[in-house]
Amino acid sequence: MIFGSFFKALGQIGDRRFRRVLLLGVLLTLALLVAAYAGFLTFLQWSLGEEAQLPVIGKVRWLDDLLGWGSLFLMLAFSVFLMIPVASAITSMFLEEVAQAVEDRHYPHLPPVPRIPFGEALRDTVNFLGILIGANIVALMIYPFATGFAPFLFFALNGFLLGMEYFQLAAMRRIGRANAKAMRRQHLGTIWLAGILMALPLSIPVMNLVIPIIGAATFTHLFHAIHSRTAPSA
């Protein structure tokens, strides 16, 4: 079910309408990534001083690296961590457009969905983003004690959080917030695994730029696949 949803999402890249959203998503993802990177380096400079020695990367002078050509490679390294909150923000901004493009092509029999009020959408965005950032800050304190298990904890945590957000936003368009939560709890294992499979490529520089939009399309398909199986017995 998960891989079928993913390949359906990939198969729509040739769709002009979907491609436009994908391009906008990539550009905004890149812009948010640069902004997050700049903010992150500014925070590190404030907390650690003018320069520091980082594992693998080596000596880093924050403002010089932010403004110099070496910034590109440093940003790619940091994108492994920064893309998780960026993906969360992008999902909330573009899921409606992505989901509608997916449904128009693959589920044309469905009735139109009412627009979610801007205030509610903004509240959901802030809530999901806040939970994701807060959970990852707490996890950063645990990783040093987890040694070899830290990467597994990272992907398990962010897979759970991203899967929860993507599925909730995709589902509540059609069945409302309460029913979406109930369906999410009932199919937690599938949604969690789908979230992990989305979090993995988010850690790969360059590829991670397209994952937020592809992920939104994938979870739209996943919702419809689950809903089509459970609706007859409801």
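What you are looking at is a predicted structure, and each value in this text was computed from that prediction instead of being measured.

**Student:** Go over helix H1 (residues 2–11) with me, naming the residues and quoting the values.
**Tutor:** Turn by turn, an α-helix covers 3.6 residues, leaving residues three or four places apart pointing in a common direction. All buried positions along H1 are accounted for by Ile2, Ser5 and Ala9. The arc that holds the buried residues of H1, viewed along the axis, is 65°, so those residues lie on one side. In H1, those exposed residues whose orientation departs by more than 90 degrees from the buried face are Phe3 and Phe7.

**Student:** Talk me through the nonpolar core; I want residue IDs and the actual numbers.
**Tutor:** The biggest cluster of nonpolar side chains holds 55 residues, and the ones touching the most others in it are Val98, Leu162, Phe167, Ile213 and Phe219. Breaking this core down by element, the ones donating at least two residues are H1, helix H2 (16–48), helix H4 (70–106), helix H5 (118–146), helix H6 (150–186), helix H7 (188–202) and helix H8 (211–230). Excluding its chain neighbours within four sequence positions, the residues that come into contact with Phe167 are Ala180, Met183, Arg184, Ile191, Phe219, Phe223 and Ile226.

**Student:** Let's hear about the confidence of the model for the protein chain: which residues, and what values?
**Tutor:** Regions with low pLDDT carry predicted coordinates that are not meant to be interpreted in detail. Per-residue confidence for the protein chain averages 81 on the pLDDT scale, and 81% of its residues sit at or above 70. Between the elements of the protein chain, mean pLDDT differs from a low of 52, seen in helix H3 (residues 62–67), to a high of 92, seen in H7.

**Student:** How would you summarise a nonpolar patch on the surface if you had to cite specific residues and measurements?
**Tutor:** Residues Phe3, Phe6, Phe7, Leu10, Ile13, Leu193, Leu197 and Leu200 make up a contiguous nonpolar surface patch of about 680 Å² in total accessible area. Those elements that provide at least two residues to the nonpolar patch are H1 and H7. At 4 residues, H1 tops the list of elements feeding residues into the nonpolar patch. Structurally, Leu197 can be placed in helix H7. Exposure remark for Leu197: the relative accessible area of 32% places this residue in the partly exposed category.

**Student:** Pulling in residues and values, what's your account of the packing of H6 against H7?
**Tutor:** For any two helices packed against each other, the geometry comes down to the angle between their axes and how far apart the axes lie. H7 packs onto H6 with a crossing angle of 130° between their chain directions and a minimal axis gap of 6 Å. One way to sum up the angle between H6 and H7 is to call them oblique. Handedness of the H6/H7 crossing: right-handed. Residues belonging to the contact of H6 with H7 are distributed by class as follows: 16 nonpolar, 5 polar and 2 charged.

Conventions used here
Residues numbered from 1 in each chain as written. Predicted model: local features only at pLDDT ≥ 70, side-chain atom pairs only at ≥ 80, totals over all residues. Heavy atoms only, no water. Buried < 20%, exposed > 50% of the residue type's maximum accessible area, 1.4 Å probe, protein only. Helix = DSSP H or I, 4+ residues; strand = E, 2+ residues; numbered from the N terminus. Arc of directions from axis to C-beta. Core = buried A, V, L, I, M, F, W, Y, C linked by side-chain atoms within 4.5 Å. Contact = heavy atoms within 4.5 Å. pLDDT = per-residue confidence, 0-100. Patch = residues over 30% accessible without salt bridge, like charges linked within 9 Å, V, L, I, M, F, W, Y side chains within 5 Å. Areas by Shrake-Rupley, 256 points an atom, 1.4 Å probe, with all protein chains shown as cover. Salt bridge = Lys/Arg side-chain N within 4 Å of Asp/Glu carboxyl O. Axes fitted to C-alpha atoms, helices over the stretch in contact; angles between N-to-C directions. Parallel < 35°, antiparallel > 145°, perpendicular 65-115°, else oblique. Left-handed = near helix turned anticlockwise from the far one by under 90°. Nonpolar A, V, L, I, M, F, W, Y, C, P; charged D, E, K, R; others polar.

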